[in-house]
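# Structural overview
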Amino acid sequence: ENVDLFDAVSKAVINKIETYNAQDITNIVWTYATIGHEDDNLFEAVSEAAISKIETFNPRDIANIVWAYAKVGHENNNLFEAASE
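The structure displayed is predicted, hence computed values, not measured ones. (Residues numbered from 1 in each chain as written. Predicted model: local features only at pLDDT ≥ 70, side-chain atom pairs only at ≥ 80, totals over all residues. Heavy atoms only, no water.)

A few words now on helix α3 (residues 40-52). Spanning 13 residues, α3 covers 19 Å between terminal C-alpha atoms, matching the ideal 18 Å at 1.5 Å per step. By the burial criterion, the buried members of α3 are L42, F43, A45, V46, S47, A49 and A50. Next to the buried residues of α3 lie α1 (3-16), α2 (22-35), α4 (59-72) and α5 (77-84). Near the N-terminus of α3, the side chain that reaches the backbone nitrogen of N41, with its oxygen 3.0 Å away, is that of D39. (Helix = DSSP H or I, 4+ residues; strand = E, 2+ residues; numbered from the N terminus. Expected span 1.5 Å × (residues − 1). Buried < 20%, exposed > 50% of the residue type's maximum accessible area, 1.4 Å probe, protein only. Contact = heavy atoms within 4.5 Å. Polar contact = N/O pair within 3.5 Å; in protein donor to acceptor, adjacent residues only side chain to side chain.)

Where α2 meets α4, the axes come as close as 8 Å, and the angle between the chain directions of the two elements is 30 degrees. The pairing of α2 with α4 is recorded here as roughly parallel in orientation. Judged by the sense of rotation from one axis to the other, the crossing of α2 with α4 is left-handed. In this structure, α2 contributes A22, Q23, I25, T26, V29, W30, A33 and T34 to the contact, and α4 contributes D61, N64, I65, W67, A68, Y69, K71 and V72. When the residues that make up the contact of α2 with α4 are grouped by side-chain class, the tally is 10 nonpolar, four polar and two charged. (Axes fitted to C-alpha atoms, helices over the stretch in contact; angles between N-to-C directions. Parallel < 35°, antiparallel > 145°, perpendicular 65-115°, else oblique. Left-handed = near helix turned anticlockwise from the far one by under 90°. Nonpolar A, V, L, I, M, F, W, Y, C, P; charged D, E, K, R; others polar.)

Attention now moves to the packing of aromatic side chains. With the rule as written, the count across this model stands at four aromatic pairs. Taking the centre distance of 5.4 Å and the plane angle of 85 degrees together, the rings of F6 and Y32 count as edge-to-face. With F6 in helix α1 and Y32 in helix α2, this pair connects stretches of sequence that are 26 residues apart. Using a relative accessible area of 19% as the deciding quantity, one classes F6 as buried. Residue classification places Y32 among the buried residues on the basis of a relative accessible area of 3%. The structure contains a cluster of three or more aromatic residues connected by ring pairs, namely F43, Y69 and F80. (Phe/Tyr/Trp six-rings, centres within 6.5 Å; stacked < 30°, edge-to-face > 60°.)

Right, dumping it as structure tokens:
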């Protein structure tokens, strides 16, 4: 795992997170969870963006984002609550 690369990508994603759609947001955290790289700042930025766009997430997006957070052990109760509605 190239930590420097993933940290650089995280910073770039955070700077543009509001431009991403539901699938983009989901794919980002799914990828980080799959490789086991948890970045608190990225996951928090994704939480905020996802909550603001939660009505655009389809059931698969919601399942994948919740799985990603569980996989890396990152809790965000506001996101989980929004996802459950």
